[in-house]
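# Overview (structure and organization)
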Amino acid sequence: MELIFATGNPNKLKEASEILGKGVTLIMPKKLGFRGEIPETGDTIDANSKMKCRFIWNKFHKTCFADDTALEVTSLDGAPGVHSARYAGEGHDDAANRAKLLEALTKVDKRKKNIREARFRTVVTLIHKGTMYTFEGKMKGTIAEKESGEGGFGYDSIFIPEGCSCTFAEMSENQKNAISHRGIAMRKLANFLSQLK
Ligand code: IMP
């Protein structure tokens, strides 16, 4: 089965391919000649996930899916949340986002409980034959005091998943996929796809 994945992020493509397995071939819009930006101007990750998927469906009318992920830190009232990708401002990279988050946590009122408590949440949207379906995955954890690990991307090097003693960036791809927010949502998608005729 061929599926368009509405992303320009090769790290995500790799993770998704591993989870969906050999029976599914993933295509990035870039491979189909799409050069623009996929819009994600919604107020929530649910809205953004749907917006990205609908945009690609409207362009190609082929089965496609999109994902959107937020890192939500309890003591920061859910920030960076829907702004996770641009937390440090437009044009800043993942390293700047991580640095801003670590800095923000040093300023939280020390009397607050669970200052470093956080969770990742992913919403995957699929459009198949014009019908939209959504799948969600969540992973609780804590924000580390400092960066550790070379693997992964985004906030991986400062996120310690619940029940683990190391960050996502210190795990193998398989270890991360087995427990991650995206892994959970993508396995729901994989299960749904396996039942399609
Ligand atoms: P988006 O879903 O691509 O918009 O991701 C939002 C932000 O969260 C970006 O800064 C990503 O780098 C980051 N992000 C998304 N998924 C993960 C993940 O699995 N680990 C760490 N950071 C992630």
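In this text the structure is predicted, and so the values were computed from the model without any measurement.

## Details of the environment of Leu105
As for its placement among the helices and strands, Leu105 is situated in helix 3 (residues 94-106). Note on Leu105: relative accessible area 2%, which makes it buried. In sequence terms Leu105 and Arg116 are 11 residues apart; their C-alpha atoms lie 7.3 Å from each other. Those residues within four positions of Leu105 in sequence are excluded, and the remaining contacts are Val73, Ser75, Leu76, Ile115, Arg116 and Ile143.

## Digging into helix 5 (residues 181-194)
Here helix 5 is 14 residues long and its end C-alpha atoms lie 20 Å apart, about the 20 Å a rise of 1.5 Å per residue gives. Here helix 5 has its buried residues at His181, Arg182, Gly183, Ala185, Met186, Leu189, Ala190 and Leu193. Contact partners of the buried residues in helix 5: strand 1 (2-5), helix 1 (10-20), strand 3 (64-73), strand 5 (117-128), strand 6 (131-143) and helix 4 (173-179).

## Points about the site of the ligand
Neighbouring residues of the ligand: 15 residues in total, closest Lys12, Thr69, Asp156, Lys176 and Arg182. Between the ligand and the protein, one listed contact pairs an oxygen atom with a side-chain N or O atom of Lys12 at 2.6 Å. Looking at the shell around the ligand, the elements with two or more residues in it are strand 3 and helix 5. Here the shell around the ligand is composed, by residue class, of four nonpolar, four polar and seven charged.

## Let's talk about the environment of Ile179
The residue Ile179 is located in helix 4 in this model. In this structure Ile179 comes out as partly exposed when scored by relative accessible area, which is 28%. Those residues within four positions of Ile179 in sequence are excluded, and the remaining contacts are Met139, Pro161, Cys164, Phe168, Met171, Ile184 and Arg187.

## A word on the packing of aromatic side chains
One pass over the full model with this rule turns up seven aromatic pairs. Seen from their ring centres, Phe34 and Phe55 are 5.7 Å apart, and the 70° between their planes marks the pair as edge-to-face. Of the two residues, Phe34 is situated in the loop between strand 2 (25-27) and helix 2 (45-60) and Phe55 in helix 2; the sequence distance between them amounts to 21 residues. Residue Phe34 is classed as buried on the basis of its relative accessible area, which comes to 13%. Under the relative-accessibility criterion, Phe55 is labelled partly exposed at 25%. Their ring planes at 45° and their centres at 4.5 Å tell us that Tyr133 and Phe192 sit as a pair that is tilted. Linking Tyr133 in strand 6 with Phe192 in helix 5, this pair joins segments that are 59 residues apart in sequence. Connected via pairs of aromatic rings, a cluster forms that spans Phe120, Phe159 and Phe168. It is Lys100 that lies over the ring of Tyr87; its NZ or CZ is 4.6 Å from the centre.

Conventions adopted
Residues numbered from 1 in each chain as written. Predicted model: local features only at pLDDT ≥ 70, side-chain atom pairs only at ≥ 80, totals over all residues. Heavy atoms only, no water. Helix = DSSP H or I, 4+ residues; strand = E, 2+ residues; numbered from the N terminus. Buried < 20%, exposed > 50% of the residue type's maximum accessible area, 1.4 Å probe, protein only. Contact = heavy atoms within 4.5 Å. Expected span 1.5 Å × (residues − 1). Near = heavy atom within 4 Å. Polar contact = N/O pair within 3.5 Å; in protein donor to acceptor, adjacent residues only side chain to side chain. Nonpolar A, V, L, I, M, F, W, Y, C, P; charged D, E, K, R; others polar. Phe/Tyr/Trp six-rings, centres within 6.5 Å; stacked < 30°, edge-to-face > 60°. Lys NZ or Arg CZ within 6 Å of the ring centre and 35° of its normal.

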